[in-house]
Amino acid sequence: MIKVNSNYAKMPGNYLFAEVAKRVKQHEAKGPSQKILRLGIGDVTLPLAAACTNALHAATDEMATSSGFRGYAPDQGYDFLIEAIRQNEYAARGIDLDASEIFISDGAKSDTANIQELFSQDAIVSVPDPVYPVYVDSNALSGRAGSYDGERWTNLVYLPCTVDNDFLPDLPEQKVDLIYLCFPNNPTGAVMNREQLKGWVDYAKENNAIILYDAAYRAYITGDDIPRSIYEIEGAKDVAIEFCSFSKTAGFTGVRCSWTVVPKAVLGETETGQEISLNSMWSRRQSTKFNGTAYIVQRAAAAIYTEEGKKQVQDMVGYYMHNAAIIRQAMASLNIPFSGGTDSPYVWFRCPGGMDSWSFFDKLLSEANVVGTPGAGFGPSGEGYFRLTAFGSREVTEEATQRLFELLK
Ligand SMILES: *Cc1c(COP(=O)(O)O)cnc(C)c1O
């Protein structure tokens, strides 16, 4: 038989949301007395902003004309979108990026999964724990994570984020090469202020490490001292790659558009000690393995930077943040330790009575018909915690929160 990439066989089974779906289905089959309310999966629910759908329609009509038809998009993305991002997301905050440092893509998931290809097989990788599973699994599939011991990958450096450190990872005690950070965080909803993030940039500089910074939830930040971009931190342009997405910002989870910033100053070296720019490597990688994001989608993304687009998108974020406040208030009145919900659409809390995550999941599902996400699915330090999302409708959020309150009061 054909020899396969054995790393696939090492992967632990049952993806988190598959297991959640299985248990919900089993519960549904028993004919619950109430409607099942879902605040589990991290997907948006509001329809697209009118500015975006108008742009989609207009671009579609263009494609139907011989003068407006477009084939393959430019490798790094259309100038109109790169320029809109450069101006609105960076220049407006005093961050000066060159257009060639911004790469349009079809999702932060794919880019955060693919970026590890640029680094040597023996790079030491650190991840916050709990964590967005993509960082861990992409390194495991490429053989960099070692073997799975039932709880952890032997070669990864896990940085626990618990109630004891306010859900912010401590700097690694050992030297690491690649540092995944995600703020506002999924799943904990925690955020880092500028000073805290500066500590990581300094660490990276001192240790010749690279920070892979996932800012997918930047649109949810309200606090003035919370950086929207890691490049707000002095020196970050030398050591950090940033991933951003329109998925959570503008409800593009089903439309697919994102961008990644790889500054030209971020350097690495080859086996023979030759210096190489990660920007040129990523450019090579993308032009080899990716053929661009659809023109109509890039037009829709650019539309969020129009005056009406900005307002509509802000309203969407505001709607979800109102939901987050409802969940947060319930946690506070129940005296349950939690994080998130202020600069993030997630609320992360300690399962009451010292329950483990899956037991609490089952209790909430069977007794209140509410679906959340068990923290253990995000890493060993997520055990004993639970995630609720603010991405539901107002009605579902209110009702589910009320049921949770009644169950736990
Ligand atoms: C939702 C999410 C993303 C966005 O992924 P897309 O592929 O752009 O939809 C990226 N990172 C984290 C941590 C997320 O939760």
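This text goes with the structure placed above it.
Please read all numbers here as calculations on a predicted model, not as lab measurements.

## Considering the overall build of the chain
If you tally the helices and strands in the chain, you get 13 helices and 15 strands. The C-alpha atoms of the chain give a radius of gyration of 21 Å, which matches the 22 Å a tight globule of 409 residues would have. Considered along the principal axes of its C-alpha atoms, the chain spans approximately 60 × 55 × 50 Å. Counting all 409 residues of the chain, 55% fall into the buried class. Look at the contacts in the chain between residues 6 or more apart in sequence, and 72% of them connect residues 24 or more apart. For the chain, the accessible surface area stands at approximately 17,800 Å², while carbon and sulfur atoms represent 50% of it. Computed over 37 positive and 50 negative side-chain charges, the separation of the two mean positions in the chain equals 5 Å.

## Topic: the sheet that holds strand β6 (residues 210–214)
What the seven strands build is an open sheet, ordered β2-β8-β7-β6-β5-β3-β4; its pairing is mixed. Edge positions in the open sheet fall to β2 (102–105) and β4 (156–160), since each of these has one partner strand only. If you compare each strand with its neighbour and ignore which way they point, the axes differ by 20° on average. As defined by bridge partners, strand β5 (residues 178–182) adjoins β6 across five bridges and the pair is classed as parallel. Considered in β6, the bridge of tyrosine 180 is made with leucine 212. Against the sheet, helix α3 (residues 79–90) engages β2, β7 (240–245) and β8 (258–261), with an angle of about 115° to β2. Against the sheet, helix α9 (residues 278–289) makes contact with β2, β6, β7 and β8, and its axis sits at roughly 25° relative to β2, the strand it touches most.

## As for the site of the ligand
Around the ligand, the structure places 14 residues, and the nearest of them are Asp214, Tyr217, Ser245, Ser247 and Lys248. Measuring from an oxygen atom of the ligand, one finds a backbone N or O atom of alanine 108 at 2.7 Å. The protein chains hide 94% of the 390 Å² of surface that the ligand would expose on its own. Among the elements of the structure, α4 (108–114) and α8 (246–250) are those that each provide at least two residues to the shell around the ligand.

## What to know about the side chain of serine 247
Here serine 247 lies in helix α8. Note on serine 247: relative accessible area 6%, which makes it buried. Excluding its chain neighbours within four sequence positions, the residues that come into contact with serine 247 are Val44, Phe252, Thr253, Arg256 and Cys257.

## Overview of the nonpolar core
Formed by 85 residues in total, the largest nonpolar core has its most connected members in Ile211, Phe246 and Trp259. Here the element with the most residues in this core is helix α12 (residues 357–368); it accounts for six residues. Phenylalanine 246 has contacts with Leu81, Ile85, Gly251, Phe252, Cys257, Ser258, Trp259, Ala301, Ile304 and Tyr305, leaving out every residue within four places of it along the chain. Among the nonpolar cores identified, the runner-up in size contains 27 residues, and Phe103, Ala140, Ala145 and Ile241 belong to it.

What counts, and at which threshold
Residues numbered from 1 in each chain as written. Predicted model: local features only at pLDDT ≥ 70, side-chain atom pairs only at ≥ 80, totals over all residues. Heavy atoms only, no water. Helix = DSSP H or I, 4+ residues; strand = E, 2+ residues; numbered from the N terminus. Rg over C-alpha atoms; globule rule 2.2 N^0.38 Å. Buried < 20%, exposed > 50% of the residue type's maximum accessible area, 1.4 Å probe, protein only. Contact = heavy atoms within 4.5 Å. Areas by Shrake-Rupley, 256 points an atom, 1.4 Å probe, with all protein chains shown as cover. Lys, Arg positive; Asp, Glu negative; His and termini not counted. Charge placed at Lys NZ, Arg CZ, Asp CG, Glu CD. Pairing = 2+ DSSP bridges. Axes fitted to C-alpha atoms, helices over the stretch in contact; angles between N-to-C directions. Near = heavy atom within 4 Å. Polar contact = N/O pair within 3.5 Å; in protein donor to acceptor, adjacent residues only side chain to side chain. Core = buried A, V, L, I, M, F, W, Y, C linked by side-chain atoms within 4.5 Å.

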